Amino acid sequence: MTERGDFRWLFIHRFDTSLTLRELLRRNKNFRFISWALALSLFGDWVGLLAIFSLLGGGNPATEFSILLVLKQLPIILFSSIGGKLADTYSRRKLMIASDIVRSLLVATLILNQSTVWIYTVVFLQSTFSSVFEPARGAIIPRLVPGDSLGKANGVGAFIWSSMLILGSSLGGVILEGVGVIGCILIDSISYLFSGFFVSKLNDNEFYPLPEKNDAQAVKINSPRLLTIISIKGVYGFGAAMYLILAVLGAEKFTMGSSGTLGISVLYSCRGLGALMGPILSLRLFGDKNHQRIILLGLLVMGLGYFGISVSDSLVLVGLATVMAHMGGSTLWVYSTTLLQREASDEIRGRATGAELSGFFFSSTISQIVFGALMGGVIIAPETAAFSCALIWWGAALGYVWLFRRYLR
C-alpha cells in the first residue's frame, strides 16, 4: 500500500472510532447524563482553581501552591476508603447528588470570605466531599454501559476531563481577567448544581444487569492480583509533583498577564491537550486490550516528556514536552481504570476505586510536600524536579514488568 493509501486508512479509522464514541453518548441517556455532569463540574473546578491561584499568588508561589494542592489531596487520602464503603452500601446516585450540593455551597462562601485560612478550609472540605463523589462515580460507570464498551466509556471520560482542562485553563485565564475572582467563584459554584441536576436524571431501571460470577471467579479486594492493579495509580502518583512543577514554571519562569496566571494557564492547557490526545490515540491504535503493556508504555512516555521539560528553556518546547508527557499519563489512567473496573465485582468496586484513589493521592501528596519544600526553599529548580519525576516513572516501569508477569499473566 502506498503512503497515500496508509494516510487515508488512518483518517478513516480515526473517523470510525470517533463515531463509535459519539454513538455511545447519543444512544445511552444514562451515560450522557453522567458525562454532562462530569464536564460541567470539571469546567467550574478549573476556573475556580485559577481564581484561587490568583488569590494566593502574593507570597511564595511554590509554598502556597504546594499547601493548596496538598489540602486538595489529603481528604481523598483520608476519606476515599470511607467514600468507597458508602458507595458499596447506599445509592451511588444519591451520594453524588448530595456531594454536588454541599460542594456548591462551600465554594459560594468564598464570595463572602477570601482570607487565606478560609480558602484552605474550603478547599479541604470541598475535597472531602469529592472523596465521596468519585468512588461512587467510578463504581457506577460499569452499570451504565455494556461490558464491551467500558474502555470506550473511560476514554470518553478522559476526553471530557482533558477537554475541560483545556477550556477551563485557557478560558479561565481570560474569564479571570474579564469578570474577576467573584465571577470565577460563581461559575464554579453553579457548575456543581448543574452536575447534581444531571446525576438526578439517571434512571435506575436502565442500568445494565450485573454479570453472574461464581465464587471461583470472584476476585477478592485483598488478592495480589487486584492489589497490583490498585497500586498502579499509587506508584504513578509519586511523580505527581508535575502539577506543582507546571504551576511554578508558569508563575515564575513564564510569567504573563496582569494577574501572573496566564503562564500557568498555557502549561495547564498543554497538559490538557496531551491528556485529550493520549486515550484517543491509544484506543485507536491498540483497542481495549493489552492493558498491561500500554500501562508500561504510558509510564515510559511520561518519563520522556518530563525529561524534555527538564532540559528545555522556551515555553514552546516545554509546552510540547508537557503535551507528550500527559499523553502517556492519561493513557495509563484510562487503561488502569478499565482494568480495575473489569476485575472488581460490583459489590466491592466502590471500595476498590476508593483504595485506588487513596493510594494515588497519598503518593502524590508525598510528592507535592517533598518537591514543594525543595523548590520553595530554592534547594532545587523546577527543572531538576521534572527530571526527578522522569526517573521515578522509568523506575516504576521496570518494577511493573515483574509484577505484571507474576500476577497479571
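Keep in mind that this is a model prediction, so the values were computed, not measured. (Residues numbered from 1 in each chain as written. Predicted model: local features only at pLDDT ≥ 70, side-chain atom pairs only at ≥ 80, totals over all residues. Heavy atoms only, no water.)

Novice: Even after reading the chapter, I still don't get the overall build of the chain, so can you show me in this structure?
Specialist: Along the chain, the regular secondary structure elements total 13 helices and zero strands. Along the chain, from the amino end to the carboxyl end, the secondary structure elements read α-α-α-α-α-α-α-α-α-α-α-α-α. Per-residue burial for the chain yields a buried fraction of 55% across its 409 residues. Here the analysis covers contacts within the chain between residues at least 6 apart in sequence; of these, 85% occur between residues at least 24 apart. Total accessible area computed for the chain in this model is approximately 17,700 Å², and 67% of it derives from carbon and sulfur atoms. (Helix = DSSP H or I, 4+ residues; strand = E, 2+ residues; numbered from the N terminus. Buried < 20%, exposed > 50% of the residue type's maximum accessible area, 1.4 Å probe, protein only. Contact = heavy atoms within 4.5 Å. Areas by Shrake-Rupley, 256 points an atom, 1.4 Å probe, with all protein chains shown as cover.)

Novice: Just to check I follow, could you spell out the confidence of the model for the chain for this structure?
Specialist: One rule of thumb: low pLDDT means the predicted coordinates there are not for detailed reading. Overall, the predicted model of the chain reaches an average pLDDT of 82, with 89% of residues at or above 70. Here helix H1 (residues 3-27) stands out as the least confident element of the chain, with mean pLDDT 49; helix H4 (residues 92-108) is the most confident, with 95. Note that residues 1-19 has pLDDT below 50 and, in this model, six contacts with residues that lie over four places away or in other chains. (pLDDT = per-residue confidence, 0-100.)

Novice: Would you explain the packing of aromatic side chains in this entry?
Specialist: What characterises a pair of aromatic rings is the spacing of the ring centres plus the angle enclosed by the ring planes. On inspection of all chains with the given rule, the structure shows 14 aromatic pairs. Between the aromatic rings of Trp46 and Tyr268, the centroid separation amounts to 6.2 Å while the plane-to-plane angle is 85 degrees, which identifies the pairing as edge-to-face. With Trp46 in helix H2 (residues 29-56) and Tyr268 in helix H9 (residues 262-286), this pair connects stretches of sequence that are 222 residues apart. We classify Tyr268 as buried; its relative accessible area is 4%. Put simply, the rings of Tyr236, Tyr306, Trp333, Phe360, Phe361 and Trp393 pair up and form one aromatic cluster. Positioned above the aromatic ring of Trp333, the side-chain terminus of Lys233 is 4.7 Å from the ring centre. Sitting over the ring of Tyr268, Arg271 keeps its end group 5.2 Å from the ring centre. (Phe/Tyr/Trp six-rings, centres within 6.5 Å; stacked < 30°, edge-to-face > 60°. Lys NZ or Arg CZ within 6 Å of the ring centre and 35° of its normal.)

Novice: Is there a simple way to think about the packing of helix H7 (residues 224-236) against helix H13 (residues 382-407) in this case?
Specialist: How two helices sit against one another is set out by the angle between their axes and by the gap between those axes. Packing of H7 against H13 brings their axes to within 11 Å, and their N-to-C directions diverge by 170 degrees. With respect to their mutual orientation, H7 and H13 come out roughly antiparallel. From H7, Pro224, Arg225, Thr228, Ser231, Ile232, Val235 and Tyr236 reach across to H13, where they touch Trp393, Ala396, Tyr400, Leu403, Phe404 and Tyr407. Of the residues assigned to the contact of H7 with H13, the class counts are ten nonpolar, two polar and one charged. (Axes fitted to C-alpha atoms, helices over the stretch in contact; angles between N-to-C directions. Parallel < 35°, antiparallel > 145°, perpendicular 65-115°, else oblique. Nonpolar A, V, L, I, M, F, W, Y, C, P; charged D, E, K, R; others polar.)

Novice: Could you clarify how one ought to interpret helix H11 (residues 315-343) in this entry?
Specialist: Think of an α-helix as turning once every 3.6 residues; residues three or four places apart then point the same way. End to end, H11 covers 42 Å across 29 residues, agreeing with the expected 42 Å (1.5 Å per residue, within 8%). By the criterion of burial, H11 is predominantly enclosed, with 21 of the 29 residues buried. (Expected span 1.5 Å × (residues − 1).)

Novice: Explain the pattern of salt bridges to me, please; I cannot follow it from the model alone.
Specialist: If the charged atoms of two oppositely charged side chains come close together, the side chains can form a pair. Under the definition given, this model contains nine salt bridges. Taking the shortest distance from any N to any O, the salt bridge between Arg103 and Asp100 comes out at 2.7 Å. Note that Arg103 and Asp100 are positioned in helix H4 at a spacing of three residues, about one turn of the helix. Across this residue pair, the class does not change: Arg103 and Asp100 are buried. Where Arg137 meets Glu134, a salt bridge forms, and the shortest distance between an N and an O atom there is 3.3 Å. Placement of both Arg137 and Glu134 in helix H5 (residues 116-144) is noted, with a separation of three residues, approximately one turn of the helix. Within this structure, Asp88, Arg92, Asp346, Arg349 and Arg351 form a network of salt bridges that share partners. (Salt bridge = Lys/Arg side-chain N within 4 Å of Asp/Glu carboxyl O.)

Novice: Can you walk me through the side chain of Gln341 in this structure?
Specialist: With respect to the helices and strands, Gln341 occurs in helix H11. Exposure remark for Gln341: the relative accessible area of 5% places this residue in the buried category. There is a polar contact of 3.2 Å between the side chain of Gln341 and the backbone oxygen of Gly138. At a separation of 2.8 Å, a polar atom in the side chain of Gln341 contacts the side chain of Asn154. Those residues in contact with Gln341, other than ones at most four positions away along the chain, are Gly138, Ile141, Pro142, Leu150, Asn154 and Arg349. (Polar contact = N/O pair within 3.5 Å; in protein donor to acceptor, adjacent residues only side chain to side chain.)

Novice: Can you walk me through the environment of Val318 in this structure?
Specialist: Its place among the elements puts Val318 in helix H11. Separated by 51 residues in sequence, Val318 and Leu267 place their C-alpha atoms 8.1 Å apart.

Novice: Looking at this structure, I do not really get the nonpolar core. What am I missing?
Specialist: Buried together is how nonpolar side chains tend to be arranged in soluble globular proteins. Formed by 109 residues in total, the largest nonpolar core has its most connected members in Tyr268 and Tyr306. Here the element with the most residues in this core is H2; it accounts for 15 residues. Residue contacts for Tyr306: discarding those within four places in its chain leaves Met242, Leu246, Ala325, His326, Ala386, Phe387, Ala390 and Trp393. (Core = buried A, V, L, I, M, F, W, Y, C linked by side-chain atoms within 4.5 Å.)

Novice: In this structure, what is going on with a nonpolar patch on the surface? I would like to understand it.
Specialist: Taken together, the side chains of Ile111, Leu112, Ile182, Leu186, Ile190 and Phe194 present a nonpolar region at the surface, about 560 Å² in accessible area. Here Ile111 lies in the loop between H4 and H5. (Patch = residues over 30% accessible without salt bridge, like charges linked within 9 Å, V, L, I, M, F, W, Y side chains within 5 Å.)

Novice: Is there a simple way to explain the environment of Gly395 in this structure?
Specialist: The residue Gly395 is located in helix H13 in this model. On the basis of relative accessible area, Gly395 is assigned to the partly exposed category, the value being 39%. Between the C-alpha atom of Gly395 and that of Gly303, which follows or precedes it by 92 residues, the distance is 9.4 Å.

Novice: Explain the side chain of Ser195 to me, please; I cannot follow it from the model alone.
Specialist: Mapped onto the fold, Ser195 is located in helix H6 (residues 150-200). Ser195 gets classed as buried once you look at its relative accessible area, which sits at 0%. From its side chain, Ser195 meets the backbone oxygen of Ala37 in a polar contact 3.4 Å long. Other than its neighbours up to four places away in sequence, Ser195 contacts Ala37, Ser41, Asp100 and Phe133.

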